[in-house]
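One-letter residues, chain by chain:
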Amino acid sequence: MKQTSTRHFIIAICCFSLVFLNCQRLMPSPQLPVAAGTKLPSGKIISLDNYKKIVELAQWHPEQYAGYISVINTSSEGKYVAVGFSDGSHHIFDLKTGNLIYQKMYSAELDHGTLRAIQFIPDTETMVLGYEDGLIALSRLDGTSIWETKIEPGVNNFSILNNTVAIATLNMVRFISLENGETIERMPGTGIGLLSEKHFIRGTNNGHVELWKFDPLELISTHDKGNQHSTAIYISPDKTIILAHSENDRASGDVRILRAEDGSYVTALWATMWITEITFSPDSEMIATASLRDSAIQLWRASDGYPLSRLLGHTMPVEAMAFSPDGKRLISGGYDGTIRIWGIP
């Protein structure tokens with residue numbers, strides 16, 4: 001999750017709370033099973049009562065960057081992992097071996113802030129990148145630029161379908177052409193997800209989740225009004241589930257599960273606050289969340305929000321996650337500078 005309105009304040013809290021966080025991660029919630037961490041021997045498997053066997057497969061330690069790991073994504077064929085950093089640089093790794101394939105270094109002359117979003121384009125050797133200052137770029141894996149365009153600052157995430165890139169920023173959503181980067185449409189909003197070539201879901205700054213149609217642009221219905229704060233949108237790969245995340249002032253965060261077919265409310269993911277990232281498994285059956293509250297990754301059953309397990313191992317909060325296309329690996333990274341590969345049978 002890439003909402004940035006309170007991120008700088010919360011990061012400061014985390015820095016002063018590092019000792020507390022390191023202690024807290026050693027005391028997992030008694031309601032949830034605990035999975036693999038670095039304290040275990042290499043290859044050790046833990047059996048969980050209410051889920052499968054999970055193992056930490058590997059750790060990668062990227063070099064020559066500053067700050068923290070801000071975004072992770074995998075290519076559709078499962079060959080590459082792209083890792084972005086808060087200094088705007090990014091690395092591309094071989095997913096199977098962990099070998100570094102390409103590295104774009106930080107440049108003071110081309111400083112666009114934190115790299116917030118990366119999306120590989122299927123069946124091509126290209127990817128779209130989104131930076132904190134609003135730069136959106138389509139580039140080849142070797143770093144060659146195809147096009148660049150500048151939009152509103154505060155890029156949060158992408159939703160890509162066919163030739164359209166939908167981008168959410170702090171207060172605006174924009175649709176641009178993948179072919180040339182030109183704007184197709186723009187409108188106020190804080191979250192966006194493409195359902196089809198004809199329909200999309202918009203999150204608003206007053207907590208609404210809305211169904212819209214293209215051509216002509218028209219609001220069809222308001223699915224949910226469960227919160228009063230800016231709302232980010234995540235749609236499952238099979239387009240059946242909508243996740244609406246809103247920052248709030250309660251002791252628990254607000255990640256709501258809605259059915260895409262009619263917008264009906266299913267449940268909310270409990271024990272979530274200060275969410276940094278949300279991602280679906282490729283089969284749409286699992287949700288992974290991470291937050292600034294601790295250094296754990298939480299896995300949930302997507303159909304009903306049932307908590308499956310917590311993955312411990314990171315020593316500071318996790319900011320970025322992505323599943324491999326086969327769903328058998330979860331790649332994570334964050335403020336401790338370590339990329340961890342989790343095996344999920």
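Look up a bit, the structure's there.
Residues numbered from 1 in each chain as written. Predicted model: local features only at pLDDT ≥ 70, side-chain atom pairs only at ≥ 80, totals over all residues. Heavy atoms only, no water.

Chemist: Please set out the overall build of the protein chain residue by residue, giving values where relevant.
Modeler: A tally of helices and strands in the protein chain yields two helices and 28 strands. Across the 345 residues in the protein chain, those meeting the buried criterion constitute 57%. Considering only contacts in the protein chain between residues 6 or more positions apart, those separated by 24 or more positions represent 42%. With the model as given, the accessible surface of the protein chain reaches about 14,700 Å², and the carbon-plus-sulfur share is 52%. (Helix = DSSP H or I, 4+ residues; strand = E, 2+ residues; numbered from the N terminus. Buried < 20%, exposed > 50% of the residue type's maximum accessible area, 1.4 Å probe, protein only. Contact = heavy atoms within 4.5 Å. Areas by Shrake-Rupley, 256 points an atom, 1.4 Å probe, with all protein chains shown as cover.)

Chemist: Outline the pattern of salt bridges, supporting the account with residue identities and numerical values.
Modeler: When the charged atoms of two side chains lie near each other, side chains of opposite charge can form a pair. Tallied over the entire structure, the rule returns eleven salt bridges. Here Arg-202 ties to Glu-210 by a salt bridge, and the two come within 2.6 Å at their closest N and O atoms. Comparing Arg-202 with Glu-210 shows no difference in burial state: the two are buried. The shortest N-O distance in the salt bridge between Asp-304 and Arg-301 comes to 2.8 Å. (Salt bridge = Lys/Arg side-chain N within 4 Å of Asp/Glu carboxyl O.)

Chemist: With reference to specific residues and values, describe the sheet that holds strand E11 (residues 164–168).
Modeler: Taken in spatial order, the four strands line up as E10-E11-E12-E13 in an open sheet, and their pairing is antiparallel. At either end of the open sheet lies a strand with only one pairing partner, and these are strand E10 (157–161) and strand E13 (183–188). Neighbour-to-neighbour, the strand axes of the sheet open up by a mean angle of 15 degrees, direction not taken into account. Inspection of the sheet shows strand E12 (residues 172–177) paired to E13 by five bridges, in the antiparallel sense. Among the inter-strand pairings, Met-172 is bridged to a residue of E13, identified as Pro-188. (Pairing = 2+ DSSP bridges. Axes fitted to C-alpha atoms, helices over the stretch in contact; angles between N-to-C directions.)

Chemist: Break down the packing of aromatic side chains for me, with residues and values.
Modeler: For any pair of aromatic rings, geometry is given as the distance between the ring centres together with the angle between the planes. Inspection of every chain in the model, using the stated rule, returns eight aromatic pairs. For the pair Tyr-80 and Phe-120, a centre-to-centre distance of 6.5 Å together with 20 degrees between the ring planes defines the contact as stacked. Pair noted here: Tyr-80 is in strand E3 (residues 80–85) and Phe-120 is in strand E6 (residues 115–120), with a separation of 40 residues, a long-range link. A relative accessible area of 8% places Tyr-80 in the buried class. (Phe/Tyr/Trp six-rings, centres within 6.5 Å; stacked < 30°, edge-to-face > 60°.)

Chemist: Run through the sheet that holds strand E22 (residues 275–280), naming residues and quoting values.
Modeler: Overall, antiparallel pairing links the four strands, which are arranged E22-E23-E24-E25 in an open sheet. Edge positions in the sheet fall to E22 and strand E25 (307–311), since each of these pairs with one other strand and no more. Neighbour-to-neighbour, the strand axes of this sheet turn through a mean angle of 20 degrees, independent of strand direction. As defined by bridge partners, strand E23 (residues 286–291) adjoins strand E24 (residues 297–301) across five bridges and the pair is classed as antiparallel. What sits directly across from Ala-290, in E24, is Ile-297.

Chemist: I'd love a proper account of the nonpolar core, names of residues and values included.
Modeler: Counting 14 residues, the largest nonpolar core has Ala-288, Ile-297, Leu-299, Leu-311, Met-321 and Leu-330 as its most contacted members. When contributions to this core are tallied by element, the ones reaching two or more residues are E23, E24, E25 and strand E26 (318–323). (Core = buried A, V, L, I, M, F, W, Y, C linked by side-chain atoms within 4.5 Å.)

Chemist: Could you give me a rundown of the environment of Thr-126, with the residues and numbers involved?
Modeler: By the secondary structure assignment, Thr-126 is in strand E7 (residues 126–131). Classification of Thr-126 by relative accessible area gives buried; the value is 13%. Along the sequence, Thr-126 and Asp-142 sit 16 residues apart, while their C-alpha atoms lie 8.9 Å from each other. If sequence neighbours within four positions are ignored, Thr-126 has contacts with Phe-120, Ile-121, Leu-138, Ser-139, Arg-140, Leu-141 and Ile-146.

Chemist: Could you give me a rundown of the side chain of Arg-116, with the residues and numbers involved?
Modeler: Locating Arg-116 in the fold gives a position in strand E6. Side chain to side chain, Arg-116 and Glu-132 meet in a polar contact 3.4 Å long. (Polar contact = N/O pair within 3.5 Å; in protein donor to acceptor, adjacent residues only side chain to side chain.)

Chemist: Any chance you could break down unusual backbone geometry for me, citing the residues and the numbers?
Modeler: Residue Asp-215 is joined to Pro-216 through a cis peptide bond whose omega torsion reads 0 degrees. For Pro-216, the location among the structural elements is in the loop between strand E16 (209–213) and strand E17 (218–224). Positive phi is not limited to glycine here, since Lys-239 has a value of about 65 degrees. Backbone geometry places Ser-284, a non-glycine residue, at a positive phi of 65 degrees. Inspection of the secondary structure assignment puts Ser-284 in the loop between E22 and E23.

Chemist: Before we move on, could you go through the layout of surface pockets and cite the residues and values that matter?
Modeler: In this structure, the largest pocket encloses a volume near 1,200 Å³. Lining the largest pocket are 40 residues; nearest its centre among them are Asn-73, Gln-119, Phe-158, Pro-237 and Thr-279. Of all the secondary structure elements, the ones that give two or more residues to the lining of the largest pocket are strand E2 (69–74), E6, E10, strand E14 (191–194), strand E18 (231–235), E22 and E26. Looking at the lining of the largest pocket, its residues break down into 22 nonpolar, 14 polar and four charged. (1 Å grid on protein atoms, 1.4 Å probe; cavity = no way out; pocket = protein on both sides within 12 Å on 5 of 7 lines; lining within 4 Å. Points joined across faces, edges and corners; volume = space filled by probe spheres on them. Nonpolar A, V, L, I, M, F, W, Y, C, P; charged D, E, K, R; others polar.)

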